[in-house]
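# Chain and residue survey
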Amino acid sequence: SELKPYWRGDERQAFDNAQALADAGKFAEAAAAFEALAQANPGGALAPNALFGAALARAAAGDRARARAGFEDFIKRDPGHALVPEAKQALAALR
């Protein structure tokens, strides 16, 4: 079995659970799970990805206003993140 630092397992599990909800088409639940993860671990390694995932899930759920706000928050918090170009594309598509 893989050894993990004690502080990383819960964050990864929470992210995977949120992603599983999105994969199952439960977008509103997935968005809430991603947002909870980002709030619980604001400095965590997966926090930016959770913010991005939440915004994607909000868009998929048809909640355009919250999706836009989520992408804008993601870009503002981590302007150098590798997913920023995708977030900007998504923002443009939601306008």
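Residues numbered from 1 in each chain as written. Predicted model: local features only at pLDDT ≥ 70, side-chain atom pairs only at ≥ 80, totals over all residues. Heavy atoms only, no water.

### Quick word on the packing of helix H2 (residues 27–40) against helix H3 (residues 47–60)
Stated precisely, the cut-off is as follows: Under this scheme, a helix contributes an axis fitted over its contacting stretch, all axes are lines through C-alpha atoms, and angles between N-to-C directions fall in the 0 to 180 degree range. Strands are runs of DSSP state E lasting at least 2 residues, helices are runs of H or I lasting at least 4, and numbering of each runs from the N terminus. Angles below 35 degrees are treated as roughly parallel, those above 145 as roughly antiparallel, those between 65 and 115 as roughly perpendicular, and all remaining angles as oblique. Take the far helix as the reference: if the near one is turned anticlockwise from it by less than a right angle, the crossing is left-handed, and if turned clockwise, right-handed. Throughout, a residue-residue contact means that at least one pair of heavy atoms, one from each residue, lies within 4.5 Å. When residues are grouped by polarity, Ala, Val, Leu, Ile, Met, Phe, Trp, Tyr, Cys and Pro land in nonpolar, Asp, Glu, Lys and Arg in charged, and all others, Gly among them, in polar.
Packing of H2 against H3 brings their axes to within 8 Å, and their N-to-C directions diverge by 160 degrees. Taken together, H2 and H3 sit at an angle that is classed as roughly antiparallel. Like other packed secondary-structure pairs, H2 and H3 cross with a definite hand, here left-handed. Here Phe27, Ala28, Ala30, Ala31, Ala32, Phe34, Glu35, Leu37 and Ala38 of H2 lie close against H3, whose contacting residues are Ala47, Ala50, Leu51, Gly53, Ala54, Ala57, Arg58 and Ala60. Taken together, the residues that form the contact of H2 with H3 break down as 14 nonpolar, 1 polar and 2 charged.

### Brief notes about the nonpolar core
Under the convention used in this document: In this text, buried Ala, Val, Leu, Ile, Met, Phe, Trp, Tyr and Cys residues form a nonpolar core when linked through side-chain atoms within 4.5 Å. Three exposure classes are used, based on accessible area relative to the maximum for each residue type with a 1.4 Å probe and protein chains only: buried under 20%, partly exposed in between, and exposed over 50%.
Phe34, Phe71 and Phe74 are the most contacted members of the largest nonpolar core, which totals 25 residues. At the level of secondary structure, the elements contributing two or more residues to this core comprise helix H1 (9–23), H2, H3, helix H4 (64–77) and helix H5 (84–94). For this core, the element with the highest residue contribution is H3, accounting for 6 residues.

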